[in-house]
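An overview of the molecular structure
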Amino acid sequence: DAMVIQNPRYQVTQFGKPVTLSCSQTLNHNVMYWYQQKSSQAPKLLFHYYDKDFNNEADTPDNFQSRRPNTSFCFLDIRSPGLGDAAMYLCATSLSPWGNQPQHFGDGTRLSIL
Amino acid sequence: AQTVTQSQPEMSVQEAETVTLSCTYDTSESNYYLFWYKQPPSRQMILVIRQEAYKQQNATENRFSVNFQKAAKSFSLKISDSQLGDTAMYFCAFMRAGAGSYQLTFGKGTKLSVIP
């Protein structure tokens, strides 16, 4: 089945130690998104790629970076994780950025900071 | 800026009964999309139903239907014949229509429990 796959499901890292979360898709969608979802809160968009074009939300901390080496893969890099970065990170894809194309989500990666 | 409000943090319903989850939003846009997403415990978020604002007819997907009141900026979700598998967090979301309108604005969610 075509899908959005996030690895790992659970990630533990130390305070200040860089961490990378990965997302892959078999849907051949043009757009890939990264959301941060803290406990009991709504998902918050961090950034997205439309093909190779990177779009950063204005309030996304500089600590968060992303890479999209090809259509299928997208990575979220957190350069120096702080305790406040502990959250569920959701990857999503869509065929286009327009609202008539729904976003498809992965299972998420739950990040814990020690 | 758009805001989405879900006023019911938690709800419960007996299996086979009907439940309605409420959602209101605020926008100055005339054309937009509204969504309900379902996020089961430890599972991926999936799209339940979508409504285009320019369509007056309420969207329906099997046991799921919406009551879209554009003037009142209300978008409630009705789940009929509730099943145990409907237990999940439900998010209402908004997206502008048109070029560059990529951002989904989510409400804080309603945690629905279906009781056997």
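As a convention, each chain's residues are numbered from 1 in the sequence order in which they are written. Chain letters start at A and ligand numbers start at 1, both assigned in the order the entries are written. Given that this is a predicted model, residues contribute local features only at a pLDDT of at least 70 and side-chain atom pairs are listed and counted only at 80 or more, while totals for whole chains, interfaces and linings are drawn from all residues. Excluded from the side-chain calculation are hydrogens and water; included are all heavy atoms of the structure.

1. Some thoughts on the state of the cysteines
Only a pair of cysteine sulfur atoms within 2.5 Å qualifies as a disulfide here. The full count for this structure, using the stated rule, is two disulfides over all chains. Paired by a disulfide, cysteine 23 of chain A and cysteine 91 of chain A hold their sulfur atoms 2.0 Å apart. Around the S-S axis, the bridge from cysteine 23 of chain A to cysteine 91 of chain A shows a dihedral of about -75 degrees and counts as left-handed. One end of the pair, cysteine 23 of chain A, is in strand β3 (residues 19–25); the other, cysteine 91 of chain A, is in strand β9 (residues 87–94), with 68 residues separating them in the sequence. In terms of burial, cysteine 23 of chain A and cysteine 91 of chain A fall into one category: buried. Bridging cysteine 23 of chain B to cysteine 92 of chain B, the disulfide has an S-S length of 2.0 Å. Residues cysteine 23 of chain B and cysteine 92 of chain B are joined through a disulfide that is left-handed, its torsion about the S-S bond being -70 degrees. With cysteine 23 of chain B in the loop between β3 (19–21) and β4 (24–26) and cysteine 92 of chain B in strand β10 (residues 88–96), this residue pair connects regions lying 69 residues apart in the sequence. Across this residue pair, the class does not change: cysteine 23 of chain B and cysteine 92 of chain B are buried. For the purposes of this entry, the term helix denotes a DSSP run of H or I that reaches at least four residues, the term strand denotes a run of E that reaches at least two, and both are numbered from the N terminus. In this scheme, a residue with accessible area under 20% of its type's maximum is buried, one over 50% is exposed, and one in between is partly exposed, where area comes from a 1.4 Å probe on protein chains only.

2. Considering the sheet that holds β3 of chain A
Residue and element names in this part refer to chain A. Here, strands pair whenever DSSP counts at least two bridges between them. One open sheet holds the four strands; their spatial order is β1-β3-β8-β7, and the pairing between them is antiparallel. Since the sheet does not close on itself, it has two edges, and those belong to β1 (4–7) and β7 (64–67), each with one partner. The average undirected angle you get between the axes of adjacent strands in this sheet is 20 degrees. By the bridge criterion, six bridges tie β3 to strand β8 (residues 73–78) in an arrangement that is antiparallel. Bridged to serine 24 within β8 is phenylalanine 73. Helix axes are fitted to C-alpha atoms over the stretch in contact, other axes to C-alpha atoms as well, and angles between N-to-C directions run from 0 to 180 degrees.

3. Observations concerning the pattern of salt bridges
Pairing between side chains of opposite charge can happen when the charged atoms of each approach one another. Think of a salt bridge as a Lys or Arg side-chain nitrogen and an Asp or Glu carboxyl oxygen that are within 4 Å of each other. Summed over all chains, the structure comprises six salt bridges over all chains. The closest approach of N and O atoms between arginine 9 of chain A and aspartate 107 of chain A, which form a salt bridge, is 3.7 Å. Remark: aspartate 107 of chain A occurs in the loop between β10 (104–105) and β11 (109–113) and arginine 9 of chain A occurs in the loop between β1 and β2 (10–13); sequence separation between them is 98 residues. Since its relative accessible area comes to 31%, arginine 9 of chain A is described here as partly exposed. For the salt bridge of glutamate 52 of chain B with lysine 55 of chain B, the shortest nitrogen-to-oxygen distance reads 3.6 Å. Residue class for glutamate 52 of chain B comes out buried when judged on its relative accessible area of 12%. With a relative accessible area of 39%, lysine 55 of chain B lands in the partly exposed category.

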